[in-house]
Each structure stands twice: as C-alpha cells, then as structure tokens.
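Given next are the chains, with one letter for each unit.
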Amino acid sequence: MADPAGAALEAGDRLGCAFIPGGSFLMGSDDFYPEERPVRRVTVAGFRIDRTPVTNAAFARFVAATGHVTLAERAPDPADYPGADPALLVPGSLVFRPPPGPVPLDDPRLWWAYVPGACWHRPEGPGSGLAGREDHPVVHVAHADAAAYAAWAGKALPTETEWEYAARGGFDGAAYAWGDDPAPGGRWQANIWQGAFPWQDLALDGFPRTSPVGAFPPNGYGLFDMIGNVWEWTADAFRLPGARSCCTPDGGATGPGVVKGGSHLCAPNHCRRYRPAARQPQAADSSTSHIGFRCLRRGPGQSMDEEPGG
C-alpha cells in the first residue's frame with residue numbers, strides 16, 4: 001500500500017490541515033452495529049481536513065473574535081421542551097458522572113447529568129475551567145456552534161462520508177483506523193475506556209477524561225484523534241429512523257445529526273464505537289462533555305458519488 005501519510009503531510013497547508021486525495025473506499029461495517037450496515041463502495045473527492053479536533057484554545061480565539069455564545073450558555077426555550085422540568089430549562093450541558101458501582105447499561109441517565117452552568121469553558125460545571133486543557137478538544141458544543149466556528153474559519157463540517165474516508169487513513173475495510181488489531185503490540189492507539197463502563201475507568205491509556213490532541217499516533221493520513229477522545233459532529237442528519245443512542249440520553253427539539261469516531265467513554269463492554277465505521281445519532285441542539293468537531297475545506301466543484309455494491 002502506498003504511504004498516504006507521506007502524501008498528506010507533504011500536501012498539508014499552513015492552516016493545520018492535511019490533504020486527503022480523492023478515491024473510493026468501503027464505507028460501513030457488517031460486523032458490529034445495525035446502523036453501520038450495509039458495507040458499500042463510495043467515491044470521495046479530495047479535500048483538506050484539520051489534523052486534530054478543534055481545541056479549547058482555537059475555540060477561545062473564535063469566541064473572542066465573534067462574541068459567539070454557545071447553545072449551552074443560553075437558556076432553552078420552554079416551547080421547545082413541553083413538559084420539561086423548569087429547573088432544567090437553564091443554561092447548561094450534559095456532563096458524564098460515573099456511578100459508584102455497576103449499574104444497568106440500558107439507561108444512560110445513570111451516568112449522565114444535566115449540569116447548570118456547564119459549557120465549553122466550564123467543562124464540569126461551575127468551578128471548573130480550562131487551565132491545563134488549552135490543547136484538549138473543545139466540548140459542550142452543539143451542532144450549530146460547530147457550524148458557526150467552521151464558517152468563521154472559512155471551512156465546513158465534513159460529511160459523514162468524508163469523515164469516515166479520512167478516519168480510515170487508507171486502511172480500506174479494516175475494523176479500526178490502524179488495522180484489525182484493537183491494540184497492536186499491546187499499545188493503545190486511541191483514548192478510549194479501559195475497565196468496566198461506566199463506573200470503573202482504569203485509564204490504562206493515561207487519560208481518565210479527554211486528552212491533548214495528538215497524544216496518540218496519527219492515522220495513515222497524518223490525522224490525530226479521529227478515533228476516541230471525543231465524538232465529532234458531521235454535517236449530515238442521521239438517516240436511520242428509530243435508532244437510539246447507546247451513550248447519551250435521547251431528546252432534543254431538533255432532529256439528530258451524525259457524530260463519528262467514539263470517545264474516551266467508549267468501552268468494549270458497552271459501546272464498541274471507537275472505529276471509523278461507527279456512527280451515532282445526536283440531537284443537534286444538545287451538547288455533552290464528550291462531543292467536539294473538526295473542519296475541512298473543499299475545492300470548487302468537488303462532489304461525492306455513491307456506487308452500488310461493496
């Protein structure tokens with residue numbers, strides 16, 4: 001196989017992007033979750049994509065330049081949430097809070113809490129901050145916040161197809177972004193959960209929460225953190241009616257979008273979504289402590305065409 005990382009690094013631009021040459025790849029998986037099926041061959045035009053998720057430092061520059069106020073920092077409109085507890089209709093966001101011991105794995109409310117005051121610069125809520133986490137991925141951003149940043153940067157959010165193509169790094173059809181072994185040589189390749197989710201985090205990869213971008217090896221295209229660390233928003237709506245999130249409570253006033261890549265909360269005993277093919281619905285107007293994003297730039301006239309077959 002050619003060295004896609006070399007080509008990507010050589011063509012990378014000054015904006016911290018890598019060039020991903022166009023081509024065809026096998027999208028999806030028949031081996032894990034139903035929403036990833038079927039495997040199909042897709043053709044993608046070349047594009048430039050951020051090497052890392054957008055960091056807290058980068059998002060802070062955006063906020064300073066534009067005055068943007070994220071959805072988590074705004075009070076929800078009661079009309080959008082009929083019957084909701086008024087105590088929850090205050091600015092805030094969903095924060096992961098591990099229970100003290102084993103719990104049933106079919107109710108995410110047992111490890112997620114809506115925390116008033118939680119937002120991108122207060123990741124765990126009031127009293128928390130970004131000191132020492134400037135180079136971690138920004139979190140607590142809803143889809144509209146990610147899209148606003150992308151527009152300000154002169155970029156866009158990737159489609160689900162573009163995102164998966166980039167995440168595979170040239171390993172067409174492999175289960176993981178680095179091949180078919182989840183931990184080659186016993187080394188962790190991404191920031192995911194080790195231990196019994198959601199209560200026992202052994203942090204064998206060195207990080208109990210998010211990690212600095214680039215803490216793990218890049219994929220074949222020279223991209224960091226495409227797998228694990230934080231889920232990443234894409235531009236697409238989730239197109240499988242009735243699908244339910246495994247990791248975050250459902251709900252929201254707008255339809256679900258697609259997030260990709262898994263996060264530091266993905267665990268083999270619960271959510272094996274730390275793979276390029278994995279996909280999950282997420283309410284577009286919601287934000288959490290484990291979802292971020294990255295951006296790309298397309299050339300004029302570039303498009304994608306799906307081909308039948310696999």
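Scroll up to find the structure.
This is a predicted model, so every value here is computed, not measured.

Visitor: Could you clarify how one ought to interpret the pairing of strand β9 (residues 279-283) in this entry?
Guide: Both faces of the sheet carry side chains from a regular strand, because those side chains alternate between them. β9 sits mainly inside the fold: 5 of its 5 residues count as buried. Neither face of β9 is open: one carries Arg279, Pro281 and Ala283, the other Gln280 and Gln282, and all of them are buried. With 5 bridges connecting them, strand β8 (residues 256-260) and β9 associate as antiparallel partners. The partner of glycine 257 across the bridge, within β9, is glutamine 282.

Visitor: Explain helix α3 (residues 143-152) to me, please; I cannot follow it from the model alone.
Guide: Since one α-helical turn is 3.6 residues long, residues separated by three or four positions face the same way. Listed as buried for α3 are His143, Asp145, Ala146, Tyr149 and Ala150. One side of α3 holds all its buried residues, which, seen down the axis, span an arc of 165°. Where α3 is buried, its residues touch α2 (56-66) and β7 (231-237). Directly beyond the C-terminal end of α3, a positive phi value near 75° is found at glycine 154.

Visitor: Looking at this model, I keep getting lost on unusual backbone geometry. Mind explaining?
Guide: Residues arginine 37 and proline 38 are joined by a peptide bond in cis, for which omega reads -5°. Tracing the backbone shows proline 38 in the loop between β2 (23-27) and β3 (40-44). The omega angle of the peptide bond from phenylalanine 197 to proline 198 is 0°, so this bond is cis rather than trans. Tracing the backbone through its elements, the reader meets proline 198 in the loop between α4 (160-168) and β7.

Visitor: I tried to follow the packing of aromatic side chains on my own but got confused; where do I start?
Guide: Geometrically, a pair of aromatic rings is defined through the distance of the ring centres and the angle of the planes. Per the stated rule, a full pass over the model turns up 19 aromatic pairs. Here the aromatic rings of phenylalanine 96 and tryptophan 112 are separated by 5.9 Å at their centres, their planes lie at 75°, and the arrangement is edge-to-face. Residue phenylalanine 96 is found in strand β5 (residues 92-96), and its partner tryptophan 112 is found in strand β6 (residues 112-116); the two are separated by 16 residues along the sequence. Judged by its relative accessible area of 16%, phenylalanine 96 is buried. Pairing phenylalanine 96 with tryptophan 193 gives two aromatic rings, centres 5.8 Å apart and planes at 80°, and the pair type is edge-to-face. Of this pair, phenylalanine 96 sits in strand β5 while tryptophan 193 sits in the loop between α4 and β7, and the two are 97 residues apart along the sequence. This pair shows no difference in class: phenylalanine 96 is buried, exactly as tryptophan 193 is. Put simply, the rings of Phe59, Phe62, Trp120, Tyr149, Trp152 and Phe293 touch in pairs and so form one group of aromatic residues.

Visitor: I tried to follow the pattern of salt bridges on my own but got confused; where do I start?
Guide: It is possible for side chains of opposite charge to pair when their charged atoms get near one another. This structure, assessed with the given rule, holds 12 salt bridges. Ionic pairing is found between arginine 109 and aspartate 107, a salt bridge with its closest N-O pair at 2.9 Å. Residue classification places arginine 109 among the exposed positions, given a relative accessible area of 63%. Here the residues in one salt-bridge network are Glu160, Glu164, Arg168, Lys260 and Arg279, joined through shared partners.

Visitor: What should I look at first to understand the nonpolar core in this one?
Guide: Across soluble globular proteins, nonpolar side chains show a tendency to be buried alongside one another. In this structure, Ile20, Phe47, Val54, Phe59, Tyr149, Leu223 and Phe293 are the most contacted members of the largest nonpolar core, which totals 44 residues. Going through the elements one at a time, β1 (17-20), β2, β3, β4 (47-50), α2, α3, α4 and β7 are the ones with two or more residues in this core. Core analysis: the next-biggest nonpolar cluster, separate from the first, contains 8 residues, Phe96, Trp111, Trp112 and Ala267 among them.

Visitor: I tried to follow the layout of surface pockets on my own but got confused; where do I start?
Guide: Summary: where empty space remains is shown by rolling a probe the size of a single water molecule over the atoms. By volume, the second largest pocket is sized at about 310 Å³. Forming the walls of the second largest pocket are 21 residues, and the residues nearest its centre are Phe96, Glu124, Arg209, His264 and Ser289. When grouped by side-chain class, the residues that make up the lining of the second largest pocket number 10 nonpolar, 6 polar and 5 charged.

Definitions and cut-offs
Per chain, residues are indexed from 1 in the order of the written sequence. Two thresholds apply to this predicted model, a pLDDT of at least 70 for residue-level local features and 80 or more for giving and counting side-chain atom pairs, whereas whole-chain, interface and lining totals are computed over all residues. Water and hydrogen atoms play no part in the side-chain values, which are based on all heavy atoms of the structure. Remark: exposure states derive from per-residue accessible area (1.4 Å probe, protein chains only) relative to the maximum for the residue type, with buried under 20%, exposed over 50%, and partly exposed in between. Labels follow the DSSP assignment, with helices taken as runs of H or I lasting at least four residues and strands as runs of E lasting at least two, numbered in each case from the N terminus. A pair of strands is considered paired only if DSSP assigns at least 2 bridges between the two. For this quantity, the arc is that covered by the directions from the helix axis to the C-beta atoms. By the convention used here, residues are in contact when the closest approach between their heavy atoms is within 4.5 Å. Side-chain rings of Phe, Tyr and Trp (the six-membered ring for Trp) are treated as a pair once their centres are within 6.5 Å; stacked means planes under 30 degrees apart, edge-to-face means over 60, and tilted covers the remaining angles. In the sections that follow, a salt bridge refers to a side-chain nitrogen of Lys or Arg positioned within 4 Å of a carboxyl oxygen of Asp or Glu. Residue types Ala, Val, Leu, Ile, Met, Phe, Trp, Tyr and Cys, when buried and joined through side-chain atoms within 4.5 Å, form a set referred to as a nonpolar core. Put plainly, a pocket is an open set of points on a 1 Å grid over the protein atoms alone with protein on both sides within 12 Å along at least five of seven lines, a cavity is a set where a 1.4 Å probe fits but cannot get out, and a lining residue has an atom within 4 Å of a point. Grid points are joined across faces, edges and corners, and a volume is the space filled by probe spheres set on the points. Polarity classes work like this: nonpolar for Ala, Val, Leu, Ile, Met, Phe, Trp, Tyr, Cys and Pro, charged for Asp, Glu, Lys and Arg, and polar for all others, with Gly in that last group.

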